[in-house]
Amino acid sequence: RPVSPAGFRALLLPALEKWLERFFRGGVAAICPAWTEWSGMAGARVRVTAGGRTVEGTARGIAADGSLDVIDDRGHHVSVVAGDVIVLNRDRRGER
């Protein structure tokens, strides 16, 4: 059904306000667990391209600093602050 801009704002702003209040009280760490759960990224195989480098691995979730926490295929921790993330396999949770 069509929604007017005013109707959209009326629905969006209260939800946004809830997250902003949590953020202002506790920083990124206060919202990370819920956002990680909502995103469905934890355990997904991903390909990340950033700064001319491509890495594949398993997403662990959103870190306390807001970055995407990934363990690459060599077992190294990769913190993704900006870049392109492609979900390769969300169903098998990190298995090839």
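Presented here is a report on the structure given in the accompanying data block. (Residues numbered from 1 in each chain as written. Predicted model: local features only at pLDDT ≥ 70, side-chain atom pairs only at ≥ 80, totals over all residues. Heavy atoms only, no water.)

### Some remarks on the pairing of strand E2 (residues 53-62)
(1) Moving on: When strand E1 (residues 45-50) meets E2, the two strands line up antiparallel, connected through six bridges. Residue Val46 lies in a different strand from E2, and its bridge partner there is Gly57.
(2) Moving on: Between E1 and E2, which pair antiparallel one after the other, the connecting turn spans two residues, and Gly51 there sits at a positive phi close to 60°.
(3) Moving on: Hairpin connection between E2 and strand E3 (residues 68-72): a loop of five residues separates the two successive antiparallel strands, and Gly66 in this loop has a positive phi of roughly 95°. (Pairing = 2+ DSSP bridges. Helix = DSSP H or I, 4+ residues; strand = E, 2+ residues; numbered from the N terminus.)

### Re the pattern of salt bridges
(1) Moving on: Using the criterion set out here, one finds four salt bridges in the structure.
(2) Moving on: Between Glu56 and Arg45 there is a salt bridge whose closest N-O contact spans 3.3 Å. Taken together, the residues Glu56 in strand E2 and Arg45 in strand E1 connect sequence positions eleven residues apart.
(3) Moving on: According to the relative accessible area criterion, Glu56 is partly exposed, its value standing at 25%.
(4) Moving on: Two residues, Arg60 and Asp69, come together in a salt bridge whose shortest N-O distance is 3.8 Å. (Salt bridge = Lys/Arg side-chain N within 4 Å of Asp/Glu carboxyl O. Buried < 20%, exposed > 50% of the residue type's maximum accessible area, 1.4 Å probe, protein only.)

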